[in-house]
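Here is how the chains run, residue by residue.
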Amino acid sequence: MDKIPMTPSGHKALNEELKQLKSVERPAIIKAIAEAREHGDLSENAEYHSAKEKQSFIEGRIKELEGMISLAQVIDPKTLSGPIKFGATVDLVDEETEEEKTYQIVGEAEADIERGMLNIKSPLARALIGKEEGDSVEVRTPGGSKDYEIVKISYV
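Residues numbered from 1 in each chain as written. Predicted model: local features only at pLDDT ≥ 70, side-chain atom pairs only at ≥ 80, totals over all residues. Heavy atoms only, no water.

(A) View of a negative patch on the surface. Where like charges cluster on the molecular surface, the negative patch consists of Glu95, Glu96, Glu98, Glu100, Asp147 and Glu149. Note that glutamate 149 resides in strand β7 (residues 144–154). (Patch = residues over 30% accessible without salt bridge, like charges linked within 9 Å, V, L, I, M, F, W, Y side chains within 5 Å. Areas by Shrake-Rupley, 256 points an atom, 1.4 Å probe, with all protein chains shown as cover. Salt bridge = Lys/Arg side-chain N within 4 Å of Asp/Glu carboxyl O. Lys, Arg positive; Asp, Glu negative; His and termini not counted. Charge placed at Lys NZ, Arg CZ, Asp CG, Glu CD. Helix = DSSP H or I, 4+ residues; strand = E, 2+ residues; numbered from the N terminus.)

(B) Local environment of the environment of lysine 121. If you trace the backbone, lysine 121 turns up in the loop between β5 (117–119) and α3 (123–128). Between the alpha carbons of lysine 121 and alanine 32 there is a distance of 40 Å; along the sequence they are 89 residues apart. Discounting chain neighbours no more than four positions away, the residues touching lysine 121 are Glu108 and Arg126. (Contact = heavy atoms within 4.5 Å.)

(C) Seen up close, unusual backbone geometry. The phi dihedral of glutamate 98 falls on the positive side, at around 65°, and the residue is not glycine. Along the chain, glutamate 98 falls in the loop between β3 (89–94) and β4 (100–106). Accessibility expressed as a relative area gives 57% for glutamate 98, which makes it exposed. (Buried < 20%, exposed > 50% of the residue type's maximum accessible area, 1.4 Å probe, protein only.)

Here is the structure:
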């Protein structure tokens, strides 16, 4: 299997979520299932079925997190420099609207476009990789083509 690139903060967040699921969520759902069983007939017990469904979700998420963590290749952006690559924080200007945006290129597991965390596999990130400050990039997205100018590259 391929390694999954992630930043130290992304790796830490996954470990914290895993710890929360194992030490808080899992014991709570086991208790809820036990309480629901005490209510009698399980075939018509909505609380029991709901708790079992939640338990299934929690166990699936635990396995998913353990898999991602075991394949993690933690890359500290502070040790990098040069053209845009994984971990870079990039300030862009939309050449049409003059709107400024800042994104950090991160792994799939930690991507969150609302927080400016751009998935390395996204069309924009793929277009930016290897570029330098001052370069213009054209990004073809499902919504059409956009042109950006790279204003600043930093590794923080």
